[in-house]
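Analysis of the macromolecular model
Here's the letter readout for the chains.
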Amino acid sequence: MKILEAIGDIREEIKEARRNNKSVGFVPTMGYLHGGHLSLIKKAKEENDLVIVSIFVNPTQFGPGEDFESYPRDLKKDSSLAQSMGADIVFSPSIEEMYPLGCSTYVEIEGDITKKLCGASRSGHFKGVATVVTKLFNIVMPNRAYFGQKDAQQVAVIKRMVKDLHLDVEIVPCPIVREGDGLAMSSRNTYLNEEERRAGTILSKALFEAKERIEEGEINPLKISYFIIETIESEPLCEIDYVEVVHGETLESIERVKGDVLIALAVKIGKTRLIDNLRLEV
Ligand code: PAF
């Protein structure tokens, strides 16, 4: 497996792959790989000839006071994990490589899809994500790109962007991978101390109990939200940012829990902000 830092080098590899009619699968990450990332690499390997994993902690998607500086980084461990899952290339550019001096072009998706849910408390976040993902797509030119459904809003935003900008890449969303106790895997879970880690299990518990209520016939999205809020508030360490029951693709509000439904939430536990969700076909 190769580890490349220069855009020029990765472009050479892509040209070579194209000359040999190889399909390219791409897994964009910010590193500190966990089981969720590894499942994306595995799927990319199953479906493509060449698999590229990018590891880049993207400064433009972090707001002031967020965890850009402290975001966990371990390129050596990440590279060996990526290799063990069959990745062919790790692309790990510097900030200067991705955002050279004078860089002033950004990609912004308008409307509810970026303004609601995480967008409401992380203004500018999805502009940073859309910009870096567009740059990475332009560099890697993948046939398919793999994203974890844990970041459901990110998947919706990227799908919208790919459609709007006529980008020639298939977006492949992959299921959330959970720890044994239900906590959705995330690089940020490493911030949690033992007590916070235990408190974090209430998120998936609330989501799955809400799913049971829906299966029993509850169709009122507000009742589902209130139920989740009450359940999470029973855990004193949790501070809710949002709980939303919305359309799975557009993220628009819904009047009835019917069809493609996303139940999404963000909760602060101590200093750590965790997100989780369930997407249901009702
Ligand atoms: O999901 C992530 O890790 C990041 O938002 C992404 C897609 C790699 C862009 O920086």
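In the block above lies the structure referred to throughout.
Everything quoted here is computed from the prediction, not taken from an experiment.

Parameters at a glance
- Residue positions within a chain follow its written sequence, with the count starting from 1.
- Per-residue local features of the predicted model are confined to residues with pLDDT of at least 70, and side-chain atom pairs are confined, for both listing and counting, to 80 or more; whole-chain, interface and lining totals are unaffected and use all residues.
- The basis for every side-chain value is the complete set of heavy atoms in the structure, and neither hydrogens nor water enter the calculation.
- Per the convention used, a helix needs a DSSP run of H or I reaching at least four residues, while a strand needs a run of E reaching at least two, with both numbered from the N terminus.
- The span one expects for a helix is its residue count, reduced by one, times 1.5 Å.
- Only protein chains enter the accessibility calculation, which uses a 1.4 Å probe. A residue is then buried if its area is under 20% of the maximum for its type, exposed if over 50%, and partly exposed in between.
- Working definition: the arc comes from the directions between the helix axis and the C-beta atoms, pointing outward to the latter.
- In this description, contact between two residues means that some pair of their heavy atoms is separated by no more than 4.5 Å.
- Only a single heavy atom is needed: when it lies within 4 Å of a molecule or strand, its residue is near that molecule or strand.
- Whenever a nitrogen or oxygen atom comes within 3.5 Å of another N or O atom, the pair is scored as a polar contact, on the condition that within protein one atom can donate a hydrogen and the other can accept it, and that pairs from neighbouring residues in sequence are kept only if both atoms are in side chains.
- Accessible areas in this description were obtained via Shrake-Rupley with a 1.4 Å probe; residue shielding takes into account the shown protein chains only.
- When residues are sorted by character, Ala, Val, Leu, Ile, Met, Phe, Trp, Tyr, Cys and Pro go into the nonpolar class, Asp, Glu, Lys and Arg into the charged class, and all the rest, Gly among them, into the polar class.
- A side-chain nitrogen of Lys or Arg and a carboxyl oxygen of Asp or Glu constitute a salt bridge if their distance falls within 4 Å.
- Following DSSP output, two strands are said to pair if at least two bridges run between them.
- The convention used is that axes are lines fitted to C-alpha atoms, helices contributing only their stretch in contact, and that angles between N-to-C directions extend from 0 to 180 degrees.
- Angular relationships are summarised with four words: roughly parallel below 35 degrees, roughly antiparallel beyond 145, roughly perpendicular across 65 to 115, and oblique for the angles in between.
- Should the near helix be turned anticlockwise from the far one by less than a right angle, the crossing is termed left-handed; should it be turned clockwise, right-handed.
- In these notes, a set of buried Ala, Val, Leu, Ile, Met, Phe, Trp, Tyr and Cys residues joined through side-chain atoms within 4.5 Å is what counts as a nonpolar core.

**Let's talk about helix H11 (residues 221–233)**
Helix length check: H11, at 13 residues, gives a terminal C-alpha distance of 18 Å against a target of 18 Å (1.5 Å per residue), a fit within 8%. Residues of H11 that are buried include every one of Pro221, Ile224, Ser225, Phe227, Ile228, Thr231 and Ile232, and no others. Down the axis, H11 shows its buried residues gathered within 160° of arc, on one side only. Facing away from the buried side of H11, by more than 90 degrees, are the exposed residues Leu222, Lys223, Tyr226, Glu230 and Glu233. For H11, the secondary structure elements touched by its buried residues are helix H10 (201–215), strand S7 (238–247) and strand S8 (260–269).

**A few points about the site of the ligand**
Taken together, Pro28, Thr29, Met30, Asn58, Gln61, Val132, Phe147 and Gln154 make up the full set of residues near the ligand. One of the side-chain nitrogen or oxygen atoms of Gln61 is found 2.6 Å away from an oxygen atom of the ligand. Between the ligand and the protein, one listed contact pairs an oxygen atom with a side-chain N or O atom of Gln154 at 2.7 Å. Contact with the protein chains removes 89% of the 290 Å² of surface that the ligand exposes when unbound. Class assignment of the residues belonging to the shell around the ligand gives a composition of 4 nonpolar, 4 polar and no charged.

**What to know about the pattern of salt bridges**
According to the stated counting rule, one finds 20 salt bridges in the structure shown. One salt bridge connects Asp241 with Arg273, and the closest N-O pair in it is separated by 2.9 Å. With a gap of 32 residues between them, Asp241 in strand S7 and Arg273 in strand S9 (residues 272–281) connect regions that are remote in the sequence. Given the relative accessible area of 31%, Asp241 is considered partly exposed. For the salt bridge of Glu249 with Arg279, the shortest nitrogen-to-oxygen distance reads 3.0 Å.

**Some thoughts on the sheet that holds S7**
Strand order across the open sheet formed by 3 strands is S7-S8-S9, with antiparallel pairing between neighbours. Since the sheet does not close on itself, it has two edges, and those belong to S7 and S9, each with one partner. With direction set aside, neighbouring strand axes in the sheet form an average angle of 10°. Alignment of S7 against S8, held across 9 bridges, turns out to be antiparallel. If you follow Glu239 over to S8, its bridge partner there is Lys268. The strands touched by H11 are S7 and S8; relative to S7, the strand with the most contacts, the crossing angle is about 160°.

**As for the packing of helix H7 (residues 125–140) against helix H8 (residues 152–164)**
The geometry of H7 relative to H8 is characterised by a closest axis approach of 11 Å and an angle of 55° between their N-to-C directions. Looking at the two axes, H7 sits oblique to H8. Relative to H8, H7 is oriented so that their crossing is right-handed. Contacts between H7 and H8 involve Phe126, Val129, Ala130, Val133, Thr134 and Phe137 on the former and, on the latter, Gln153, Gln154, Val157, Ile158, Met161 and Val162. Looking at the contact of H7 with H8 residue by residue, the classes come out as 9 nonpolar, 3 polar and no charged.

**Some thoughts on the nonpolar core**
Counting residues in hydrophobic clusters, the biggest one holds 46 residues, and the most contacted among them are Ile52 and Phe137. Counting residues per element, this core draws most heavily on H7, at 9 residues. Residues in contact with Phe137, not counting those within four places in the same chain, are Phe26, Pro142, Ala145, Phe147, Ile158, Val162, Leu167, Val169 and Ile171.

**Some remarks on helix H1 (residues 7–19)**
Compared with the 18 Å implied by 1.5 Å per residue over 13 residues, the 18 Å span of H1 between its first and last C-alpha is a close match. Those residues of H1 not exposed but buried are Ile7, Ile10, Ile14 and Ala17. Taken down its axis, H1 places every buried residue within 85° of arc, on the same side. Contact partners of the buried residues in H1: strand S1 (2–4), strand S2 (24–29), strand S3 (50–55), strand S4 (89–91), helix H4 (95–98) and H7. Looking at the residues trailing H1, positive phi occurs at Asn21, about 55°.

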